[in-house]
Amino acid sequence: MFFSFLTAASLFAEDSALPQAAQGPEAQTLSFTSFPKEVKLAQDFSAFVTLPERAKLDKESYSQKDFEIISASPDESGLTIEIKAAPFALGVSTFTALSFTGYDGKRFVTEPVPTEVKTVDTGIKEEKLLDIRAPYRPFNYWLLLWIFAIAAAVFAAYAFYIKRRPADKARLLKAFEEDKRPLDVIALDRLDHLLAGGLWNEGQYKFFYINMIDILRDYLSLRFAVDAHKYTSRDLIRVLKKTPAFKGDLKQLADLQRSADYVKFAKAEPTEAQRDADIRNMRNIIIDTRPPRLEAESKEKGA
């Protein structure tokens, strides 16, 4: 197999009839100018790479096995690129090579970088274990009852959450069609009603964020023909990255969903400043991705 590969490569090089553009430019290998030796699980970090000329990160480079690339932002010179990413696998993981393409077709590829992903420090110190056999303790039936009670509570909360969501896309679409207003107007109106409701003032932060994310995912489902409710936060971002019609800020969407996940699953208590920032991100996403208005409708509103 290796010999066949060499033979094919030799024949390709000798074929002078092929144009140079068809053969493709050879990629220049670069090293990161800055990359952390260790990072924290699910926490953003930044790495920097300096290019010989202005170039853009190729779309396929956003697909990483153990990392989620959030953004690739050039500095004022356009040569130094800040890669912002988050790891999702513990242990030593390899940040795979990134490819960039310049405006003149030149390609640049970074070297893969191994880095250690550690758990987030909670501040709880583990007690030193003694190398002796623990005394026998009878089975704790009360502990078993507590486990069953907690499991039942979690199941009930999940069932309540599922019950609140639309039964299917057809039912959701029917509700929006009956409203007759544009999708973005309906979504923003629902968001205003949520803010005017009593969930936040009553301290029901979890249900406030569940309602807020439901509104956003209802809008995304109908606007981009994706079943947004069935995806995890991470998978939804991956789907929207591959959706050409989506022109929103993926970083804003990632920040919003991460904040909501902390409240819904980690029982975090958000501040009003955090709520306002999340609401602002959600409004920007809806406004930036709203459907184009018909010319007649735009003239009517301008009149």
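Presented here is an overview of the structure given in this document. Everything quoted here is computed from the prediction, not taken from an experiment.

Thoughts on the layout of surface pockets
There is about 670 Å³ of room inside the largest pocket. Lining the largest pocket are 25 residues, with Leu57, Lys59, Tyr62, Lys241 and Leu250 positioned closest to its centre. Breaking the lining of the largest pocket down by element, the ones donating at least two residues are strand E4 (55-57), strand E5 (67-74), helix H7 (233-241) and helix H8 (250-265). Element by element, the count of residues in the lining of the largest pocket is highest for E5, at six residues. A per-class count over the lining of the largest pocket returns twelve nonpolar, four polar and nine charged.

Some thoughts on the nonpolar core
In this structure, Met212, Leu216, Leu220 and Met282 are the most contacted members of the largest nonpolar core, which totals 32 residues. Elements with a contribution of two residues or more to this core: helix H5 (183-196), helix H6 (205-224), H7, H8 and helix H9 (272-288). Element by element, the count of residues in this core is highest for H6, at ten residues. Among residues more than four places away in sequence, those in contact with methionine 212 are Leu191, Leu194, Leu256, Asp278, Ile279 and Met282. In this structure, Leu30, Val39, Ala85 and Phe108 belong to the second largest nonpolar core, which totals 21 residues.

Focus on the sheet that holds strand E1 (residues 28-30)
Spatial strand order, E1-E9-E8-E4: four strands in an open sheet with mixed pairing. Strand pairing shows two members of the sheet lacking a second neighbour, E1 and E4, which therefore form its edges. Averaged over all neighbouring strand pairs, the angle between strand axes comes to 30°, with direction disregarded. Sheet analysis places strand E8 (residues 99-102) next to strand E9 (residues 107-110), joined by three bridges and oriented antiparallel. When the sheet's bridge partners are listed, phenylalanine 100 is paired in E9 with phenylalanine 108.

The rules behind these values
Residues numbered from 1 in each chain as written. Predicted model: local features only at pLDDT ≥ 70, side-chain atom pairs only at ≥ 80, totals over all residues. Heavy atoms only, no water. 1 Å grid on protein atoms, 1.4 Å probe; cavity = no way out; pocket = protein on both sides within 12 Å on 5 of 7 lines; lining within 4 Å. Points joined across faces, edges and corners; volume = space filled by probe spheres on them. Helix = DSSP H or I, 4+ residues; strand = E, 2+ residues; numbered from the N terminus. Nonpolar A, V, L, I, M, F, W, Y, C, P; charged D, E, K, R; others polar. Core = buried A, V, L, I, M, F, W, Y, C linked by side-chain atoms within 4.5 Å. Buried < 20%, exposed > 50% of the residue type's maximum accessible area, 1.4 Å probe, protein only. Contact = heavy atoms within 4.5 Å. Pairing = 2+ DSSP bridges. Axes fitted to C-alpha atoms, helices over the stretch in contact; angles between N-to-C directions.

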